[in-house]
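Structure assessment
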There are 2 protein chains.
Amino acid sequence: MFERVAILGTGLMGGSLAAALGARLPAVHRVGYGLEPDLSQARARGLFDETAHTVADAVRGADLVVLAAPISVNCALMDEVVDNLSPDALLTDLSSVKRPVVAALEAAVTRREGADVLTRFVASHPIAGSEKSGPDAADAALFVGREAVLSRLPATAPDTVARLEALWRCVGARVTHMTVGQHDRVFALVSHVPHAVAFVMAGVVANDLGASAVGEEPVRAGEHAGPGLLDMTRIAASSPALWADILIQNRVPTLAGLVALASRLQALAVTLQAEDRAALTALLARGADWRRGQ
Amino acid sequence: MFERVAILGTGLMGGSLAAALGARLPAVHRVGYGLEPDLSQARARGLFDETAHTVADAVRGADLVVLAAPISVNCALMDEVVDNLSPDALLTDLSSVKRPVVAALEAAVTRREGADVLTRFVASHPIAGSEKSGPDAADAALFVGREAVLSRLPATAPDTVARLEALWRCVGARVTHMTVGQHDRVFALVSHVPHAVAFVMAGVVANDLGASAVGEEPVRAGEHAGPGLLDMTRIAASSPALWADILIQNRVPTLAGLVALASRLQALAVTLQAEDRAALTALLARGADWRRGQ
């Protein structure tokens, strides 16, 4: 399938893909590139067969290059990747937001008059993750049963898509397809807005005391969280820097989603203020119907 | 400890208390009262040793009466409970909101000049639950390791508190204490607002399509939910009618919490619009710090 795969980024996603390749395709030679000490740690855990000290060293000779760093870093690496990509190598990324990565690729390609690289690129977004990060969180089974969304460009060759589909199926994912624009709007709603809300909800609980009436001791609300709140805010334990990057990179669809959410929260507050039990129940039931169907 | 316990309400909470009593205090005779077919189903599952067809039959002769129905129902049953309570029987409830239950009790007591009932009442709120409901969801281990918040009234006798504390410890809970006012403000923040937000988030995902650009197929966002969104909205599979009741019963503190949340979401949107990475990261970090400490 592939002989030599370069994975740029040794965190949860890159590390898990390396682990899954090691388990499912042991003949593949895995080259890792990333920051220390994570790179050495990933190598010590057996996630890579070889580590490279420069992007050029990692990319040269690989027949698949995977951008697996935070989005901004993937974009920043693009020039050096394109400069060193072998003539037949395929290129993909694992970013949660696609438009900036594609824009960086198109800019790099335009500068080099190397438009054929576009035929060999397809974006990948495996819908799997964890609030944990770093190579220690890498898990060979992370993608099993999960969706992997592929976004082809107008120029992407059918063979490029077919080979990446085969790779994702091999590590246990089921493949779906969206355009870059569809992808970024869908994941603003199902991932980026929910993360923003979970972080904010956790912040409200952390900071607001139960304001005390006359003669009452103050109580720290956050010390009384039950399992519902803990599940709801699990994703708020994720990396703030990583999520600030994702939200900023996908800010237009995310802001649209936040507006939709705020408008529905406002509608809920109105029914609550009016003690309109039927309207409030109907509003809650819309969410319950969806969630029970999952 | 107690010889005969009457539990009014055969759903998740009442059923689980009945199951836990059966497991930990087999000498206790458990009398159940509730709506059919749940009552018969609970009896068939062995949650009760006896079922009663009226509140009066359930309450008479019990040395502990537990109001375990939805809040509005607990309030509506209060007159009949007080009328039939044995002279030394204790009274508690399992409601998620305390002020309406206490108000109903005080009104019932005032009408009857039976103020001594107040010495024998302490409110209980076990912080345990599930998005499932009904007697089939009853679980003898539901309270193990969970917090049980007791709210005593100014008139509550110390012996009443001590006996209820012992009961909750016996079924595995750890006991804490709050006033009625503290309770309702704290649980607005850590439970009622999060449930409202989870229902609304699920509704946004269910109803909004990824709006299509020219030439793109529409995509249903809700079909691409990952594990983060599913955990975040697990509690949105709860009963809309039950949660409409809870939110309305605790509407003043819940509205205050929704305002605090909306204001922070607005602050997040402002940092996002401005691409202010440092401010956005700091805002997310406040939630992450709390969640990582849980």
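The residue count restarts for each chain, going from 1 along the sequence in the order it is written. Chain letters and ligand numbers both follow the written order, the letters beginning at A and the numbers at 1. Only residues with pLDDT of at least 70 are given local features in this predicted model, and only at 80 or more are side-chain atom pairs given and counted; all residues enter the totals for whole chains, interfaces and linings. By convention in this description, side-chain values take in all heavy atoms of the structure and omit both hydrogens and water.

The name an unreviewed UniProt entry assigns to chain A is Prephenate dehydrogenase/arogenate dehydrogenase family protein, from the organism Lautropia dentalis.

**Brief notes about the overall build of chain A**
Summing up its helical and strand segments, chain A has 12 helices and 10 strands in all. Across its three principal axes, chain A shows a C-alpha extent of roughly 70 × 40 × 35 Å. Exposure is judged per residue with a 1.4 Å probe applied to protein chains only, and the accessible area is read against the type maximum: over 50% gives exposed, under 20% gives buried, and values in between give partly exposed. Burial status across chain A gives 59% buried among its 294 residues. For this analysis, residues touch if any pair of their heavy atoms sits within 4.5 Å. Within chain A, counting contacts between residues at least 6 apart in sequence, those at least 24 apart form 75% of the total. The accessible surface values rely on the Shrake-Rupley method and a 1.4 Å probe; as for residues, cover is taken only from the protein chains in view. Of the accessible surface of chain A, which amounts to about 11,100 Å², a share of 53% is contributed by carbon and sulfur atoms. We count Lys and Arg on the positive side and Asp and Glu on the negative side, and we leave His and both chain ends out. Note on charges: their place is set at NZ of Lys, CZ of Arg, CG of Asp or CD of Glu. Of the charged side chains in chain A, 26 are positive and 31 negative, and the gap between their average positions amounts to 5 Å. Helix numbering and strand numbering both begin at the N terminus, where a helix is a DSSP run of H or I of at least 4 residues and a strand a DSSP run of E of at least 2.

**Some thoughts on the sheet that holds strand E1 (residues 4-8) of chain A**
Residues and elements named next belong to chain A. Strands were regarded as paired on the criterion that DSSP finds at least two bridges between them. The sheet built from 5 strands is open, its strands ordered E3-E2-E1-E4-E5 with parallel pairing. Only two strands of the sheet have a single partner each, and these edge strands are strand E3 (50-51) and strand E5 (90-93). When strand E4 (residues 64-67) meets E5, the two strands line up parallel, connected through 4 bridges. Of the residues in E5, the one forming a bridge with Leu-67 is Asp-93. Axis lines are fitted to C-alpha atoms, over the contacting stretch for helices. Their N-to-C directions set the angle, which ranges from 0 to 180 degrees. Sitting on the sheet, helix H7 (residues 158-170) touches E4 and E5, and the angle it makes with E5 is about 55°.

**Some thoughts on the side chain of B:Arg291**
Structurally, the position occupied by B:Arg291 is in helix H12 (residues 277-292). Whenever a carboxyl oxygen of Asp or Glu lies within 4 Å of a side-chain nitrogen of Lys or Arg, that contact is scored as a salt bridge. Lacking a salt bridge, the buried B:Arg291 has A:Asp231 as its closest oppositely charged neighbour, with an N-O distance of 5.8 Å. In this structure B:Arg291 touches A:Leu230, A:Thr233, A:Arg234, A:Ala236 and A:Ala237, once residues within four positions along its chain are discounted.

**Thoughts on the nonpolar core**
Note on terminology: a nonpolar core comprises buried Ala, Val, Leu, Ile, Met, Phe, Trp, Tyr and Cys residues joined through side-chain atoms within 4.5 Å. Counting 147 residues, the largest nonpolar core has A:Leu8, A:Val81, A:Leu105, B:Val81 and B:Leu105 as its most contacted members. If sequence neighbours within four positions are ignored, A:Val81 has contacts with A:Leu8, A:Val55, A:Val59, A:Val65, A:Leu67 and A:Leu91.

**Structural notes on the interface of chain B and chain A**
At the junction of the two partners, chain B supplies 90 residues and chain A supplies 90 residues. In this description, buried area is defined as the sum, over both parts, of the accessible area (probe of 1.4 Å) that is lost when the two are combined. In this assembly, chain B packs against chain A so that about 8,100 Å² is buried in total across both faces, 70% of it on carbon and sulfur atoms. Among the residues chain B hides against chain A, the three largest losses belong to B:His224, B:Trp290 and B:Arg291. Together they make up 8% of the total. Here chain B and chain A share 6 salt bridges between them. Put simply, A:Arg277 and B:Asp245 hold a salt bridge, and the shortest N to O gap is 2.9 Å. We define a polar contact as two N or O atoms separated by no more than 3.5 Å, with the added condition that, inside protein, one atom must be a possible hydrogen donor and the other a possible acceptor, whereas residues neighbouring each other in sequence contribute only through side-chain atom pairs. Across the contact surface, chain B and chain A share 18 residue pairs in polar contact (both at pLDDT 80 or more). For the side of chain B that touches chain A, the elements supplying multiple residues, two or more each, are helix H8 (180-207), helix H9 (227-232), helix H10 (240-249), helix H11 (251-273) and H12 of chain B. With 21 residues, the top contributor of residues to the side of chain B that touches chain A is H8(B). Residues are grouped as follows: Ala, Val, Leu, Ile, Met, Phe, Trp, Tyr, Cys and Pro are nonpolar; Asp, Glu, Lys and Arg are charged; every other residue, Gly included, is polar. Residues of the side of chain B that touches chain A, tallied by class, amount to 50 nonpolar, 22 polar and 18 charged.

**Describing the sheet that holds strand E6 (residues 122-126) of chain B**
Residue and element names in this part refer to chain B. A sheet is described by the order of its strands in space; here 3 strands give the open sequence E6-E7-E8, paired in mixed fashion. Strand pairing shows two members of the sheet lacking a second neighbour, E6 and strand E8 (174-177), which therefore form its edges. Neighbouring strand axes in the sheet, compared pairwise and without regard to direction, differ in orientation by 25° on average. Packing against the sheet, helix H7 (residues 158-170) makes contact with E6, strand E7 (147-152) and E8, and its axis sits at approximately 170° to E7.

**Focus on helix H5 (residues 99-112) of chain B**
Residues and elements named next belong to chain B. What a helix should span is 1.5 Å times the count of its residues minus one. Over its 14 residues, H5 runs 20 Å from end to end, which matches the ideal 20 Å to within 8%, given 1.5 Å per residue. Among the structural elements, helix H4 (71-84), strand E5 (90-93), helix H6 (116-119), H8 and H10 are those in contact with the buried residues of H5. Taken from the residues just after H5, Glu-113 is the one with a positive phi, measuring 50°.

**Here's the deal with the domain arrangement of chain A**
Residue and element names in this part refer to chain A. Domain boundaries in chain A define domain 1 (4-178) and domain 2 (183-292). Relative to domain 2, the C-alpha centre of domain 1 lies at a distance of 32 Å. Facing 15 residues of domain 1, the contacting portion of domain 2 comprises 13 residues. A combined buried area of about 1,300 Å² lies between domain 1 and domain 2, and 61% of that area is made up of carbon and sulfur atoms. Considering only the side of domain 1, the residues that lose the most area to domain 2 are Val-97, Glu-131 and Met-178, jointly responsible for 39% of the buried surface there. Counting the contacts that link domain 1 with domain 2 gives 0 salt bridges. Connecting domain 1 to domain 2 are 7 residue pairs in polar contact (both at pLDDT 80 or more). Elements supplying a minimum of two residues to the side of domain 1 that touches domain 2: helix H4 (71-84), helix H5 (99-112) and strand E7 (147-152). For the domain bounds, the source is a domain assignment made automatically or taken from a database.

**Regarding the environment of B:Arg264**
Residues and elements named next belong to chain B. As for its placement among the helices and strands, Arg-264 is situated in helix H11. Residue classification places Arg-264 among the partly exposed residues on the basis of a relative accessible area of 22%. Put simply, Arg-264 and Ala-58 are 206 residues apart on the chain and 48 Å apart in space, counted from C-alpha to C-alpha.

**Considerations on the relation of the copies chain B and chain A**
We superpose the copies by least squares over the C-alpha atoms of residues that have a pLDDT of at least 70 in both of them. Aligned on chain A, chain B shows an RMSD of 0.0 Å; the corresponding rotation is 180° and the shift along the axis is 0.0 Å. Such a combination of rotation and displacement between the chain copies is what one expects of a two-fold axis. Considering only C-alpha atoms, the residue of chain B closest to the rotation axis is B:Met232, which sits at 1.9 Å.

**Looking at the pairing of E5(A)**
Along E5(A), one buried face is formed by A:Leu90 and A:Thr92 and the opposite face, lined by A:Leu91 and A:Asp93, is buried too. Look down the strands so they point away from you; if the path from the first strand over the helix to the second goes clockwise, the crossover is right-handed. Chirality of the crossover, the property in question, places the unit of E4(A), H4(A) and E5(A) among those that are right-handed.

**Things to note about the packing of helix H11 (residues 251-273) of chain A against H11(B)**
Where H11(A) meets H11(B), the axes come as close as 11 Å, and the angle between the chain directions of the two elements is 165°. With respect to each other, H11(A) and H11(B) are oriented roughly antiparallel. Considering how the two elements wind past one another, H11(A) and H11(B) form a crossing that is left-handed. For the pair H11(A) and H11(B), the contacting residues are A:Arg251, A:Thr254, A:Leu255, A:Leu258, A:Leu261, A:Leu265, A:Leu268, A:Ala269, A:Leu272 and A:Gln273 in the first and B:Arg251, B:Thr254, B:Leu255, B:Leu258, B:Leu261, B:Leu265, B:Leu268, B:Ala269, B:Leu272 and B:Gln273 in the second. Residue composition of the contact of H11(A) with H11(B), by class: 14 nonpolar, 4 polar and 2 charged. Oblique is the label for every angle not falling under 35 degrees (roughly parallel), over 145 degrees (roughly antiparallel), or within 65 to 115 degrees (roughly perpendicular). Crossing handedness is read from the near helix: turned anticlockwise from the far helix by less than a right angle, it gives a left-handed crossing, and turned clockwise, a right-handed one.

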